[in-house]
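# Fold and contact review
Here is how the chains run, residue by residue.
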There are 4 protein chains.
Amino acid sequence: MRTEVTWRWPKSKRVVVCFNLCVEGWSDGVAPGISPMGNPLPAGVLDSTAISWAAYGAKDGVYRIIDELGSQKAKGTFLVNGVIAERQPDAVKAIVEAGHEVAAHSFAMDVIPGLLSEPDERKNIERTTSLLENAGGVRPRGWISPRATSSPLTPRLLAEAGYKWYGDLLDRDLPSVLPYANNTFVGIPLHTDVNDMPFMKYGNPPKLMLEAFEENLEVAVRSKSRAPVMIDVTLHAHIFGRPRGAYFFGKIVARAAKSRDVWIGTREQIAEHVLAHVGGMAEGAPRPRAQLRSVR
Amino acid sequence: MRTEVTWRWPKSKRVVVCFNLCVEGWSDGVAPGISPMGNPLPAGVLDSTAISWAAYGAKDGVYRIIDELGSQKAKGTFLVNGVIAERQPDAVKAIVEAGHEVAAHSFAMDVIPGLLSEPDERKNIERTTSLLENAGGVRPRGWISPRATSSPLTPRLLAEAGYKWYGDLLDRDLPSVLPYANNTFVGIPLHTDVNDMPFMKYGNPPKLMLEAFEENLEVAVRSKSRAPVMIDVTLHAHIFGRPRGAYFFGKIVARAAKSRDVWIGTREQIAEHVLAHVGGMAEGAPRPRAQLRSVR
Amino acid sequence: MRTEVTWRWPKSKRVVVCFNLCVEGWSDGVAPGISPMGNPLPAGVLDSTAISWAAYGAKDGVYRIIDELGSQKAKGTFLVNGVIAERQPDAVKAIVEAGHEVAAHSFAMDVIPGLLSEPDERKNIERTTSLLENAGGVRPRGWISPRATSSPLTPRLLAEAGYKWYGDLLDRDLPSVLPYANNTFVGIPLHTDVNDMPFMKYGNPPKLMLEAFEENLEVAVRSKSRAPVMIDVTLHAHIFGRPRGAYFFGKIVARAAKSRDVWIGTREQIAEHVLAHVGGMAEGAPRPRAQLRSVR
Amino acid sequence: MRTEVTWRWPKSKRVVVCFNLCVEGWSDGVAPGISPMGNPLPAGVLDSTAISWAAYGAKDGVYRIIDELGSQKAKGTFLVNGVIAERQPDAVKAIVEAGHEVAAHSFAMDVIPGLLSEPDERKNIERTTSLLENAGGVRPRGWISPRATSSPLTPRLLAEAGYKWYGDLLDRDLPSVLPYANNTFVGIPLHTDVNDMPFMKYGNPPKLMLEAFEENLEVAVRSKSRAPVMIDVTLHAHIFGRPRGAYFFGKIVARAAKSRDVWIGTREQIAEHVLAHVGGMAEGAPRPRAQLRSVR
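Residues numbered from 1 in each chain as written. Chains lettered and ligands numbered in written order. Predicted model: local features only at pLDDT ≥ 70, side-chain atom pairs only at ≥ 80, totals over all residues. Heavy atoms only, no water.

### Re the relation of the copies chain B and chain C
The test is simple: Our superposition of the copies is a least-squares fit, built on the C-alpha atoms of residues whose pLDDT is at least 70 in both. What makes two residues a contact is simply this: any of their non-hydrogen atoms within 4.5 Å.
Least-squares fitting of chain B to chain C yields an RMSD of 0.0 Å, with the superposition described by an axial translation of 0.0 Å and a rotation of 90°. Read as a symmetry element, the transformation amounts to a four-fold axis. The position closest to the rotation axis in chain B is occupied by the C-alpha of Tyr-202 of chain B, lying 4.0 Å away. Of all interface residues in chain B, a mere 5% are interface residues in chain C too; the two copies therefore contact each other through different surfaces.

This is the structure:
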């Protein structure tokens, strides 16, 4: 028997919609592993096309995304690599000035915490945090690793570095307080169902992201369950920061903004809400009845 | 000349719909080979993201699937790895308590009978069977290997271990008695056409699984042939146990439940029916005329 | 300046629709490189699931395809591996008895002419030809290699072995006489646009094959060009020989059968027509004005 | 703060549509890395099927594309490999005679500037330029590398060889003058959103390319921004030069031709316009306010 979770998001909403906007960079001499090209390149060769394609994000894409959020006065969480702060600090400033959260996304997409030694992971956290703080004037309070690929140490190291939330979790529906930093550190799962990546992986037309969002919202609203729901909408500035993708993203933002059931929240706001009103259901931690969904 | 099969499923139905619900786990330190991520990981690195993503199944996904089946009072066959019984025995108990069949799915997704020596395969069958029986209180009577990848010995070893059916067959339309255990062992083919895997492999939106089901049902009902039909609907708790997938699965269950042409059966019930009323058409076994479809 | 081709197919039709039905097998101990499974197998391991999946074609799939063609009295070209004649001669007999063309498709899908030495290629042609003739009672007169992968010698060796056409060509719109066997050997290009393979490669729903056919037919009928058109419809007995695929194939056959613009022809009939009425436009051969399309 | 770009395309249009038509060839003994086949070939084997498939482009496909453009009196930029000029000079002549731009696309698809030494890259530019000039009678003034994969030297070497534009850029929305050849060399980004490659990579039906175009046009026309927009439509003669693809391409050309908001321009015309009326916004170059889009 599992008992249904009955807490609510701020403003007593049952549904939070969280916009995750990735502004990504790769280290010098490293290319993204994906690109729009069809003709394959011999193995081991640097893909300058993929580098140019990805560079669009911090040059033009990020501003189009800021525009789309701004036209609905919606706030989002921008996941920014440290290298972007180094190369295009203006992009970080523009995000902060528009009132959005800047969360850390490692130094670069090729610096993956899951592959680092503990000292290197500490240094990566320090360096990324400083770069983002210096560029944007605000210290990031949240972290999602590239491709959400943590090491087992990541949450502890982030908590020690003063972070309030991290998001390398795909195993639960809802966030919860994790047993770090005296239970003041929140794990926020990342839901990948509404995402621009299927455009790159499967050629899905951008309007399918809108459909995915609308279906998720319909499922949440129609659900017989009274549990709170979290819907993530994830975009990459170099993918759907381009005209067609951003257009359908804009429709999602507008749809969320006008829904009576939806609270639009940043991950930082989610973390604060969970700390103040919800509590923990982390693996190994005691699981309050109130957070369990009933099995009929 | 082939003569048409004319037997019927229980309740004189021409169509059986069988729900196969996979609750999967991987051995410690092994990650699934697929995940929702777009950015590739260097070869040989442990994909902690894929591990977290897959862990959703036995934590949240399985309960959502049980709910969807329960809301239509439909029974399904859950394919459960032994490692799930070890890690989350509550999930196995919940399946059994809701009245569903628990079938064995090897110890873990990375323990594939087709790759094991005979002694290791025997041990794997013993261990998996015990774990599932201990967790759920019921000894599994059926087996499908991870990715349906048997060794040539698998059916014989399963029959010797007291199993009544196995499902690593993709080469026929209909089940039949196989020549093991004095002809009391049934081979039930696995039809992959209605499945959540195309969401992971090709980015197909979840509603395409509903369309696939509706089309299969329409094809079955409209067919001029009078032969019985078997429609498999296969779901993974870590894939379509999430909100949107489960929603469309719920629509499939409801559609099957209200169709006059459909008997909803577990694989165990199918095996019992075949043993009692149909007989064998296995490779090499004599092929009764009644089971052959005519060629016009 | 290119002059438009103005010849017509039999019955003065502008469009031929050719049904290519592949009944495929692999050598003992060799598995197909594709299957419906999602979880990957370690490299170098024999994929028994893919073997079982592919075996469906000659067991159940081929009969469903014969039924669909038969219900419209349409004739097709079955591409059959020699190993099928060895293992399931009944399937070959059933094809011949239903009045279809049996064309050779090499001994097995893993015996690819493009990879064979000349003596091995000769032996492969002899063996495959004999097996199919022995099983079906009719000597095949046409050949398409597995995945249409010829060696440079293939057309000459086939012409010497008495074949009348081969189809390992994807570089032209229309067939033509090739300079072998005193200009009595026809090259018939294979058009891959209406095909069940996108179901396996991209998860395209079966009805997209119907749409692809309807669009190709519409394009052909609406074209301002007066040139003859060839539309290939290619199916694999282990892929769309299953219920849903065969259902949409049946709709294609019915659509072709009722179109006033369409002549349904086998490749053998196409070859005969080209030999009698058209002539050659092969690479290097003189190109008759009548076969060239004008450039406006 | 970024200030909105307010310049216009010729005829005071806000939107340019540019048709990029690739007529591609591979060196002798080299096969394309993609083909329509489903059954994989062993690694390291020459794929004669892919060679035959790709050869369609310069034999039949290019003429169908010329027809579709011609029926709307639209001009496009043909990206042609030098090897095509060697093998099928008639194709190059036909392009030029129909009034289109011939741009250089390297000697062959497997000769990728990003992988060449400086001397080899110089030779490749010379050889390709001469071949195209000899075949078509017009010296190419623009260059896009195979898969847009430049070396860091490519723009400088092209400028020195007298080229006026190059297009291996995917990082910006709009073209700009680059700091080569006394600021007379234009970088024109390549937008990949309207493209036939998703047909090969993802099995997207050809009509999705039409939808992609219509959506891009709608996005451009509806945009609140007053900035100029560039829409690329990219086709390969061996892919959508076939009947169904060309049919939907024809619908795109017709749609663009009748839109009041659209100027149809070749890349050469775009370069001339940018040189005459716009100026530079290249990386490192001073960025005129007029070219910056405002951030609201």
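### Concerning the pattern of salt bridges
In plain terms, the rule: Any Lys or Arg side-chain nitrogen located within 4 Å of an Asp or Glu carboxyl oxygen qualifies as a salt bridge. Going along the chain from the N terminus, every DSSP run of H or I of four or more residues is numbered as a helix, and every run of E of two or more is numbered as a strand. For each residue, the accessible area found with a 1.4 Å probe, counting protein chains only, is set against the maximum for its type, and the residue is called buried under 20%, exposed over 50%, and partly exposed in between.
For the structure shown, the criterion picks out 73 salt bridges over all chains. The salt bridge involving Arg-244 of chain B is made with Glu-215 of chain A; its shortest N-O contact spans 2.7 Å. Residue Arg-244 of chain B is located in helix H8 (residues 243-258), and its partner Glu-215 of chain A is located in helix H7 (residues 207-222); the two belong to separate chains. On the basis of relative accessible area, Arg-244 of chain B is assigned to the buried category, the value being 5%. As a salt-bridge pair, Glu-118 of chain D and Arg-122 of chain D come within 3.0 Å of each other at their nearest N and O atoms. Of this pair, Glu-118 of chain D and Arg-122 of chain D both sit in helix H4 (residues 118-136), four residues apart, roughly one helical turn. One network of salt bridges, with partners in common, ties together Asp-193, Glu-211 and Glu-215 of chain A together with Lys-207 and Arg-244 of chain B.

### Quick word on the interface of chain B and chain C
Accessible area lost when the parts come together is the quantity often used to give the size of an interface. What counts here: Once two parts are put together, the accessible area they lose, assessed with a 1.4 Å probe and summed over both, is termed the buried area.
Contacts between the two partners involve 38 residues from chain B and, on the opposite side, 35 residues from chain C. Taken together, both faces of the contact between chain B and chain C bury some 3400 Å²; the carbon and sulfur share is 49%. Three residues, Arg-147, Leu-170 and Tyr-202 of chain B, lead the burial of chain B against chain C; their summed loss comes to 21% of the area buried on that side. Our count for the contact surface shared by chain B and chain C stands at eight salt bridges.

### Observations regarding helix H4 (residues 118-136) of chain B
All names here are of chain B. To keep it simple, the criterion reads: By this rule the span expected of a helix is its residue count minus one, scaled by 1.5 Å. The directions considered for the arc run from the helix axis to the C-beta atoms.
The end-to-end C-alpha distance of H4 is 27 Å, a good match for the 27 Å that 19 residues give at a rise of 1.5 Å each. Along H4, the residues that are buried comprise Glu-121, Asn-124, Ile-125, Thr-128, Thr-129, Leu-131, Leu-132, Ala-135 and Gly-136. Seen end-on, H4 carries its buried residues on one side only, within an arc spanning 165°. Looking at H4, the residues exposed on the side facing more than 90 degrees away from the buried face are Lys-123, Glu-126 and Asn-134. Where H4 ends, the next residue or the one after it, Gly-137, has phi of about 85°, a positive value.

### Let's talk about the arrangement of the chains
You won't find any contact between chain A and chain C; their C-alpha atoms come no closer than 8 Å. What separates chain B from chain D at the closest point of their C-alpha atoms is a distance of 8 Å, and the two make no contact.

### Focus: the relation of the copies chain A and chain B
Two chain copies here: they are related by a rotation about an axis and a translation along the same axis. Note on the identical chains: chain A maps onto chain B by a rotation of 90° and an axial translation of 0.0 Å, with an RMSD of 0.0 Å. Of all interface residues in chain A, a mere 5% are interface residues in chain B too; the two copies therefore contact each other through different surfaces.

### Observations regarding the packing of aromatic side chains
Residues and elements named next belong to chain A. Note the threshold: Paired rings are identified among Phe, Tyr and Trp, the last through its six-membered ring, by centres lying within 6.5 Å, and are further divided according to the angle between planes into stacked (under 30 degrees), edge-to-face (over 60) and tilted (the rest).
Applying the stated criterion across every chain, the model contains 32 aromatic pairs over all chains. For the ring pair Phe-19 and Phe-249, a centre distance of 5.6 Å and an interplane angle of 90° mean the geometry is edge-to-face. Placement of Phe-19 in strand S1 (residues 15-23) and of Phe-249 in helix H8 (residues 243-258) is noted, with a sequence separation of 230 residues between them. Of the residues examined, Phe-249 reaches a relative accessible area of 0% and is grouped as buried.

### Brief notes about the interface of chain A and chain B
To keep things clear, this is the line we draw: As used in this structure description, the phrase polar contact means that two N or O atoms lie within 3.5 Å; if the pair is within protein, one of them must be able to donate a hydrogen and the other to accept it, and residues adjacent in sequence are counted only when both atoms belong to side chains. Put simply, Ala, Val, Leu, Ile, Met, Phe, Trp, Tyr, Cys and Pro go in the nonpolar bin, Asp, Glu, Lys and Arg in the charged bin, and everything else, Gly too, in the polar bin.
Taken residue by residue, the interface counts 38 residues in chain A and 35 residues in chain B. Carbon and sulfur atoms make up 49% of the surface buried where chain A meets chain B, a total of about 3400 Å² over both sides. Of all residues in chain A, Arg-147, Leu-170 and Tyr-202 of chain A give up the largest surface area on contact with chain B, accounting jointly for 21% of the area buried on that side. On the surface where chain A and chain B come into contact, there are eight salt bridges. As a salt-bridge pair, Lys-207 of chain B and Glu-211 of chain A come within 3.1 Å of each other at their nearest N and O atoms. At the boundary of chain A and chain B, one finds 23 residue pairs in polar contact (both at pLDDT 80 or more). Of all the secondary-structure elements, those providing two or more residues to the side of chain A that touches chain B are helix H6 (197-202) and H7 of chain A. For the side of chain A that touches chain B, the per-class residue count stands at 14 nonpolar, seven polar and 17 charged.

### A short note on the packing of helix H7 (residues 207-222) of chain C against helix H8 (residues 243-258) of chain C
All names here are of chain C. Filter applied, for reference: Interaxial angles span 0 to 180 degrees and are taken between N-to-C directions of axes, which are lines fitted to C-alpha atoms, for helices over the stretch in contact. Roughly parallel refers to an angle under 35 degrees, roughly antiparallel to one over 145, roughly perpendicular to one between 65 and 115, and oblique to any angle outside these ranges. In this scheme the handedness of a crossing depends on how the near helix is turned from the far one: anticlockwise by less than a right angle means left-handed, clockwise means right-handed.
Between H7 and H8, the least distance of the axes is 8 Å, while the angle of their chain directions is 15°. Of the possible angle classes, the one that applies to H7 and H8 is roughly parallel. Crossing handedness for the pair H7 and H8: right-handed. Contacts from Lys-207, Met-209, Leu-210, Phe-213, Glu-214 and Leu-217 of H7 reach H8 at Gly-245, Phe-248, Phe-249, Lys-251, Ile-252, Arg-255 and Ala-256. The residue inventory of the contact of H7 with H8, partitioned by class, reads eight nonpolar, one polar and four charged.

### Focus on the state of the cysteines
What is meant by a disulfide is a covalent connection between two cysteines, made through their sulfur atoms. Residue and element names in this part refer to chain D. This is how it is decided: What counts as a disulfide here is a pair of cysteine sulfur atoms lying within 2.5 Å.
Tallied over the entire structure, the rule returns zero disulfides over all chains. With no disulfide of its own, Cys-18 has Cys-22 as its nearest cysteine by sulfur position, at a separation of 11 Å. Given a relative accessible area of 0%, Cys-18 falls into the buried group.

### What to know about the confidence of the model for chain A
Residue and element names in this part refer to chain A. Basically, it comes down to this: The pLDDT score gives, residue by residue, the confidence of the prediction method on a 0 to 100 scale.
The share of residues in chain A with pLDDT of 70 or more is 93%, and the mean pLDDT across the chain is 93. Across residues 282-296, where pLDDT falls below 50, the model places 48 contacts with residues more than four positions away in sequence or in other chains. Here the complex is predicted with pTM 0.94, and the ipTM for its interfaces comes to 0.93.

### Regarding the pairing of strand S2 (residues 77-80) of chain D
All names here are of chain D. Definition in use: By this definition, two strands are paired if DSSP reports at least two bridges between them.
Here S2 shows a buried face lined by Thr-77 and Leu-79 and a second buried face lined by Phe-78 and Val-80. For strand S1 (residues 15-23) and S2, the ladder comprises four bridges, and the chain directions are parallel. Residue pairing in the sheet places Asn-20 in a bridge with Thr-77 of S2. As paired elements, S2 and strand S3 (residues 101-104) share four bridges and run parallel to each other. What sits directly across from Val-80, in S3, is Ala-104.

### A few points about the side chain of Asp-171 of chain B
Residue position: Asp-171 of chain B is located in the loop between strand S5 (165-166) and strand S6 (176-178). Here Asp-171 of chain B falls in the buried class, since its relative accessible area comes to 11%. A distance of 2.6 Å separates a polar atom in the side chain of Asp-171 of chain B from a polar atom in the side chain of Lys-59 of chain C. Look past the residues within four positions of Asp-171 of chain B in its chain and what remains in contact with it is Ser-52, Ala-55, Tyr-56, Lys-59 and Asp-60 of chain C.

### A short note on the packing of helix H1 (residues 48-70) of chain D against helix H3 (residues 89-97) of chain D
Residue and element names in this part refer to chain D. At a minimum axis separation of 10 Å, H1 and H3 run at an interaxial angle of 5°. If you check the angle between H1 and H3, you find them roughly parallel. Contact residues: Ala-58, Val-62, Tyr-63 and Ile-66 in H1; Asp-90, Ala-91, Ala-94 and Ile-95 in H3. Each residue belonging to the contact of H1 with H3 can be placed in one class, and the counts come to seven nonpolar, no polar and one charged.

### Some details on the environment of Ala-74 of chain A
All names here are of chain A. Here Ala-74 is to be found in the loop between helix H1 (48-70) and strand S2 (77-80). For the pair Ala-74 and Thr-266, spaced 192 residues apart in sequence, the C-alpha to C-alpha distance is 9.4 Å. Contacts of Ala-74, omitting those with residues within four sequence positions, involve Phe-19, Leu-69, His-100, Val-253 and Ile-264.

### Here's the deal with H8 of chain C
Between its first and last C-alpha, H8 of chain C extends 23 Å over 16 residues, near the 22 Å set by a 1.5 Å rise per residue. For H8 of chain C, the full list of buried residues reads Arg-244, Gly-245, Ala-246, Tyr-247, Phe-248, Phe-249, Gly-250, Ile-252, Val-253 and Ala-256 of chain C.

### Topic: unusual backbone geometry
All names here are of chain A. At Ser-106, a position not held by glycine, the phi torsion is positive, near 75°. Residue placement: Ser-106 occurs in the loop between strand S3 (101-104) and helix H4 (118-136). A residue is classified by how much of its surface remains accessible, and Ser-106, at 0% relative accessible area, is buried.

### Thoughts on the environment of Met-109 of chain B
If you trace the backbone, Met-109 of chain B turns up in the loop between strand S3 (101-104) and H4. For the pair Met-109 of chain B and Lys-75 of chain B, spaced 34 residues apart in sequence, the C-alpha to C-alpha distance is 24 Å.

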